[in-house]
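Listed below, chain by chain, are the residues.
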Amino acid sequence: MSFLGRGSAPTPGGINQDRVDMATQELDMITDIFNRLVSSCHAKCISTRYAEGDLNKGESVCIDRCVAKFFEVNKKVGEKMQAVGAAAGGGGSPGAFTSL
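Residues numbered from 1 in each chain as written. Predicted model: local features only at pLDDT ≥ 70, side-chain atom pairs only at ≥ 80, totals over all residues. Heavy atoms only, no water.

### Notes on the overall build of the chain
The following threshold applies: Strands are runs of DSSP state E lasting at least 2 residues, helices are runs of H or I lasting at least 4, and numbering of each runs from the N terminus. Relative accessibility thresholds used throughout: buried, under 20% of the residue-type maximum; exposed, over 50%; partly exposed, between the two (1.4 Å probe, protein chains only). Residue contacts are counted whenever heavy atoms from the two residues lie within 4.5 Å of one another. Every accessible area reported is derived by Shrake-Rupley at a probe size of 1.4 Å, with residue values counting cover from the shown protein chains alone.
In terms of helices and strands, the chain carries 2 helices and 0 strands. Sorting the 100 residues of the chain into buried and exposed places 15% on the buried side. Considering only contacts in the chain between residues 6 or more positions apart, those separated by 24 or more positions represent 35%. In the form shown here, the chain has an accessible surface area of approximately 7700 Å², with 59% of it arising from carbon and sulfur atoms.

### Quick word on the packing of aromatic side chains
Rules: The criterion for an aromatic pair is that two Phe, Tyr or Trp rings (for Trp, the six-membered ring) have centres within 6.5 Å, with stacked assigned to planes under 30 degrees apart, edge-to-face to planes over 60 apart and tilted to the rest.
In this structure the tally under the stated criterion is 1 aromatic pair. For the pair F70 and F71, a centre-to-centre distance of 6.3 Å together with 85° between the ring planes defines the contact as edge-to-face.

### Describing helix 1 (residues 17-45)
Heads up, the condition is: Expected helix span is taken as 1.5 Å per residue step, with the number of steps being one fewer than the number of residues. Pairing of N or O atoms within 3.5 Å defines a polar contact, subject to two protein rules: one partner must be a possible hydrogen donor and the other a possible acceptor, and residues neighboring in sequence count only if both atoms are side-chain atoms.
Given a rise of 1.5 Å per residue, 29 residues ought to cover 42 Å, and the 42 Å separating the end C-alpha atoms of helix 1 matches this to within 8%. Considering only its buried residues, helix 1 is in contact with helix 2 (57-87). The N-terminus of helix 1 is capped by N16, whose side-chain oxygen sits 3.1 Å from the backbone nitrogen of D18.

### Remarks on the packing of helix 1 against helix 2
Inclusion rule: Here the axes come from fitting lines to C-alpha atoms, over the contacting stretch only for helices, and the angles between their N-to-C directions go from 0 to 180 degrees. Between 65 and 115 degrees an angle is taken as roughly perpendicular, under 35 as roughly parallel, over 145 as roughly antiparallel, and anywhere else as oblique. Should the near helix be turned anticlockwise from the far one by less than a right angle, the crossing is left-handed, and should it be turned clockwise, the crossing is right-handed. Ten residues, namely Ala, Val, Leu, Ile, Met, Phe, Trp, Tyr, Cys and Pro, are considered nonpolar, four, namely Asp, Glu, Lys and Arg, are considered charged, and the remaining ones, Gly among them, are considered polar.
Running from N to C, helix 1 and helix 2 cross one another at 140°; their axes reach a closest spacing of 9 Å. Our classification of the angle between helix 1 and helix 2 gives oblique. Regarding helix 1 and helix 2, the two cross each other, and that crossing is right-handed. Along the contact surface, helix 1 presents I33, R36, L37, C41, K44 and C45, while helix 2 presents E59, C62, I63, C66, V67, F70, F71 and N74. Partitioned by chemical class, the residues of the contact of helix 1 with helix 2 number 10 nonpolar, 1 polar and 3 charged.

Structure, rendered in structure tokens:
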């Protein structure tokens, strides 16, 4: 049995390199989404003058709303991309990360 599941033949070491590459690519995409989320919501909600060690109520509410909107847009974009891919005959890529 391969290290990360079924599919193409494992290498002599027992690790399926295709699956490792796919997992690495998905991790890179998730990390990119997280970094964009943090950057965007921080710029919108957090003052550049840090007066307190913790978020105040306004900042906390703003962050909550920003994150919710970010994920909602991410979900809608993923759904739209899947629909366009299916209409083009591609059917999307199985196992691909489309939304959070």
